[in-house]
Amino acid sequence: MDFGHGGVLLFFILSGYLIYLTAQGRDWRAFVVKRFGKIVPAYWVNVAFVFIAGLVLAGAFPRFSLKDALGNLLFLEGTLGIDTLSGVYWTL
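Everything quoted here is computed from the prediction, not taken from an experiment. (Residues numbered from 1 in each chain as written. Predicted model: local features only at pLDDT ≥ 70, side-chain atom pairs only at ≥ 80, totals over all residues. Heavy atoms only, no water.)

### As for the overall build of the protein
Item 1. Broken down by element type, the protein carries four helices and zero strands.
Item 2. Taken from N to C terminus, the helices and strands of the protein fall in the order α-α-α-α.
Item 3. Computed over the C-alpha atoms, the radius of gyration of the protein is 17 Å, more than 25% above the 12 Å expected from 2.2 N^0.38 for a compact globule of 92 residues.
Item 4. Principal-axis analysis of the C-alpha atoms gives the protein an extent of 45 × 45 × 25 Å.
Item 5. When the accessible area of the protein is evaluated, it comes to approximately 6,900 Å², of which 72% is carbon and sulfur surface.
Item 6. In the protein, which carries 7 positive and 5 negative side-chain charges, the distance between the mean positions of the two groups comes to 12 Å. (Helix = DSSP H or I, 4+ residues; strand = E, 2+ residues; numbered from the N terminus. Rg over C-alpha atoms; globule rule 2.2 N^0.38 Å. Areas by Shrake-Rupley, 256 points an atom, 1.4 Å probe, with all protein chains shown as cover. Lys, Arg positive; Asp, Glu negative; His and termini not counted. Charge placed at Lys NZ, Arg CZ, Asp CG, Glu CD.)

### A word on the pattern of salt bridges
Item 1. Scanning all chains against the criterion turns up one salt bridge.
Item 2. In this structure, D27 and R29 form a salt bridge, with 3.5 Å as the shortest nitrogen-oxygen distance.
Item 3. For D27, a relative accessible area of 41% corresponds to the partly exposed category. (Salt bridge = Lys/Arg side-chain N within 4 Å of Asp/Glu carboxyl O. Buried < 20%, exposed > 50% of the residue type's maximum accessible area, 1.4 Å probe, protein only.)

### Digging into the nonpolar core
Item 1. Ranked by size, the top nonpolar core spans eight residues in total: Y43, V47, V50, F51, F64, A69, L85 and Y89.
Item 2. With four residues, the top contributor of residues to this core is helix α2 (residues 28-56).
Item 3. Those residues in contact with V47 that lie beyond four places of it in its chain are A69, N72, L73, L85 and Y89. (Core = buried A, V, L, I, M, F, W, Y, C linked by side-chain atoms within 4.5 Å. Contact = heavy atoms within 4.5 Å.)

### Here's the deal with the side chain of D68
Item 1. Its place among the elements puts D68 in helix α3 (residues 66-73).
Item 2. Notably, D68 is buried but unbridged: the nearest opposite-charge side chain belongs to K67, and the N-O separation is 6.4 Å.
Item 3. Dropping the residues within four chain positions of it, D68 is found in contact with I82 and L85.

### Describing the packing of aromatic side chains
Given two aromatic rings, one states the distance between the centres and the angle between the planes to describe the pair.
Item 1. This model, assessed by the stated rule, comprises three aromatic pairs.
Item 2. Ring plane angle 70 degrees and centroid distance 5.2 Å describe the contact between F11 and F12, whose orientation is recorded as edge-to-face.
Item 3. The exposure class assigned to F11 is partly exposed, which follows from its relative accessible area of 42%.
Item 4. Using a relative accessible area of 47% as the deciding quantity, one classes F12 as partly exposed. (Phe/Tyr/Trp six-rings, centres within 6.5 Å; stacked < 30°, edge-to-face > 60°.)

### Some words on a nonpolar patch on the surface
Item 1. A surface patch of nonpolar side chains, amounting to about 610 Å² of accessible area, comprises L10, L14, Y17, L18, Y20 and L21.
Item 2. For L18, the location among the structural elements is in helix α1 (residues 4-23). (Patch = residues over 30% accessible without salt bridge, like charges linked within 9 Å, V, L, I, M, F, W, Y side chains within 5 Å.)

Written out as structure tokens, the structure is:
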């Protein structure tokens, strides 16, 4: 049996419901600012970590250019046509 798909589905259902509960009774601007403040700093720390790890641990991590890192930090990787530094950022 494959429980992976069911687990992912359950995760998204619960996430959507919990985000709905946290947004209830709040102005949408306050909700967006609070979510931004929770998610973006963790994203920036991870981008910096992956970039620095690529410089320091040359064989264990891929090496990215400064353009790649800045594009990821500014959320412009799709616009600039560069790769994301890590494929798991959607989990944040």
